[in-house]
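Chain and residue survey
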Amino acid sequence: MDGIVQLQRQLVDYTASLFHEGFLDDQFNQLQQLQDESNPDFVVEVVTLFFEDAERLLNELTKALGQPSIDFKRLDTHVHQLKGSSSSIGAQRVQGVCISFRNSCEEQNVEGCLKNLQQVKHEYSLVKSKLETLFRMEQQILAAGGSVSSVTTEVHHVCQRYTRSLGPYSLQNANLPNKLLRFSSTSTGHASALRTHLVGMVNFFQISKMSPGQHSKVVTLSKQILMHSNCMS
Amino acid sequence: MGMAAESQFHVLAVDDSLIDRKLIERLLRTSSYQVTTVDSGSKALEFLGLRENDESNPSTPSVSPNNHQEVEVNLVITDYCMPGMTGYDLLKKIKESSSLRNIPVVIMSSENVPSRISRCLEEGAEEFFLKPVRLSDLNKLKPHMKKTKLKDQKQGTAEKLENSEVQQQQPQQAPKSQDPQPESESHSQTTIEQQQQSLQQANNNKRKTMEQGLSPETDRTRPRYSGIATVV
């Protein structure tokens, strides 16, 4: 039994780290919540669709950028699709690069597009390998006779903790920066733990949905908090 | 997929993305709705019994659609950006059809464009969801579906159209206000239409909360993600 418990622990930590590092956002958590005994493979199915879709789109993008005369509209359509599907599964970093990519398309900036293509390929391969690792770990647990749903539940609680410390997150949450401040003042512990947690929180929410004003407030505030906590420790 | 014996609600979901169709289907089933998914606006209209080269004049009163409405649809939820017929075009076609106009329509979009949102709401969409859509968003759907179920009873179920539309970004002016079809007023099902219209107006009045002041195409002005991975 110990072996299974350890595997489950590792999976929780691994998944949490993916949220912390911004590879995945809350949408992935939403997907996991939609999985149950009647749909036990839901997440794998959706993510597999994403892999297929992304690879197709990356090929199209590579081809389109290799043309003597570049069709930026077409390029933008593909990037838009990729942005959509990555957002649907919670592949936050991929989604983020797609946003810049669309800007480059709009500016008809070839250099920018080429760079963005490199970036998106890189981010895609990273998240792909991480998700494959995650699924492999799940398989190990299942093969050993353990359950993955308890893991999912615990991961969900990790996500809840983020949400609770910030309060319900919504697009209109102008209080987000204040909440971050309040959180930091009540939390105890080592500066680096705070830093990790803070980065995790900020990366966890869909940054791309923040308004520019909100976003810069959060970044400024995070810096303040980190400086403050550095002084304290 | 025949008529449900219990009063289950049937949703028609329209999206050209396979992933998003799979997602919305799962979300809807989890919320105990019956679901049909199609990948285009024209297929949606076909399913609803309204063919594009329909002979029947849409402005003829009480036209029954060609033999195809054995399956009752209580709500249409559609993506905005689709090749060919957009979600907005589909919305318009539904609202222009005497047989379909009472079906509530919800629009989904991955892009937060205030003018787009208000255009859809003005055209008669009940809600506008930002993608990715969540389970909690679907909680807003029931009241709209119940409205159509009760349409025969001519009563105003209209008390609570959930006005949590504060979540949706609205522009300070409506750049393109499209006039509602004048012919709609001459039809007999006025009760529901009047309610919907007055609700729309009520919504219009409530939609003034615009703290954010987002410019259209907000996507383009957002900072790159890689620039914001917070100080580590």
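Okay, so let's go over this structure.

Here is what the cut-offs are and how they apply
- Residues numbered from 1 in each chain as written.
- Chains lettered and ligands numbered in written order.
- Predicted model: local features only at pLDDT ≥ 70, side-chain atom pairs only at ≥ 80, totals over all residues.
- Heavy atoms only, no water.
- Helix = DSSP H or I, 4+ residues; strand = E, 2+ residues; numbered from the N terminus.
- Buried < 20%, exposed > 50% of the residue type's maximum accessible area, 1.4 Å probe, protein only.
- Contact = heavy atoms within 4.5 Å.
- Salt bridge = Lys/Arg side-chain N within 4 Å of Asp/Glu carboxyl O.
- Pairing = 2+ DSSP bridges.
- Axes fitted to C-alpha atoms, helices over the stretch in contact; angles between N-to-C directions.

Counting secondary structure elements, chain B contains 9 helices and 5 strands. Along its sequence from the N terminus, chain B presents helices and strands in the succession β-α-β-α-β-α-β-α-β-α-α-α-α-α. When each of the 232 residues of chain B is scored for burial, the buried share is 48%. Sequence-distant contacts, at least 24 apart, represent 72% of the contacts inside chain B between residues at least 6 apart.

A cis geometry characterises the amide bond from Lys131 of chain B onward to Pro132 of chain B, with omega recorded as -5 degrees. Position of Pro132 of chain B relative to the elements: it lies in the loop between β5 (127-130) and α5 (135-138). Phi is positive for Gln108 of chain A, which is not a glycine, with a value near 55 degrees. By secondary structure assignment, the location of Gln108 of chain A is in the loop between α5 (92-106) and α6 (110-143). Positive phi outside glycine occurs at Ser32 of chain B, with the angle close to 65 degrees. Looking at the element boundaries, Ser32 of chain B is found in the loop between α1 (18-30) and β2 (34-38).

What follows deals with the pattern of salt bridges. Scanning the entire structure with this criterion turns up 18 salt bridges over all chains. Across the salt bridge formed by Arg102 of chain A and Asp76 of chain A, the nearest N and O atoms sit 3.0 Å from each other. Separated by 26 residues along the polypeptide, Arg102 of chain A in helix α5 and Asp76 of chain A in helix α4 (residues 72-89) bring together distant segments of the chain. Accessibility assignment for this pair places Arg102 of chain A and Asp76 of chain A in one class, buried. In this structure, Asp20 of chain B engages Lys131 of chain B in a salt bridge whose closest nitrogen and oxygen atoms are separated by 2.8 Å. Of the two residues, Asp20 of chain B is situated in helix α1 and Lys131 of chain B in the loop between β5 and α5; the sequence distance between them amounts to 111 residues. On the accessibility criterion, Asp20 of chain B (8% relative accessible area) is buried. Using a relative accessible area of 9% as the deciding quantity, one classes Lys131 of chain B as buried. Residues joined by salt bridges that share partners form a network here, namely Asp76 and Arg102 of chain A together with Glu111 and Arg116 of chain B.

A few words on the sheet that holds β2 of chain B. Residue and element names in this part refer to chain B. Reading across from one edge, β2-β1-β3-β4-β5 is the order of the 5 strands in this open sheet, with parallel pairing throughout. Each edge of the open sheet is held by one strand with a lone partner, namely β2 and β5. Within this sheet the neighbouring strands show an average axis-to-axis angle of 20 degrees, counted without direction. As paired elements, strand β4 (residues 105-109) and β5 share 4 bridges and run parallel to each other. Bridge pairing links Val106 to Glu127 in β5. Sheet strands in contact with α1 are β1 (10-14), β2, β3 (75-79) and β4, and its direction is about 170 degrees off that of β2.

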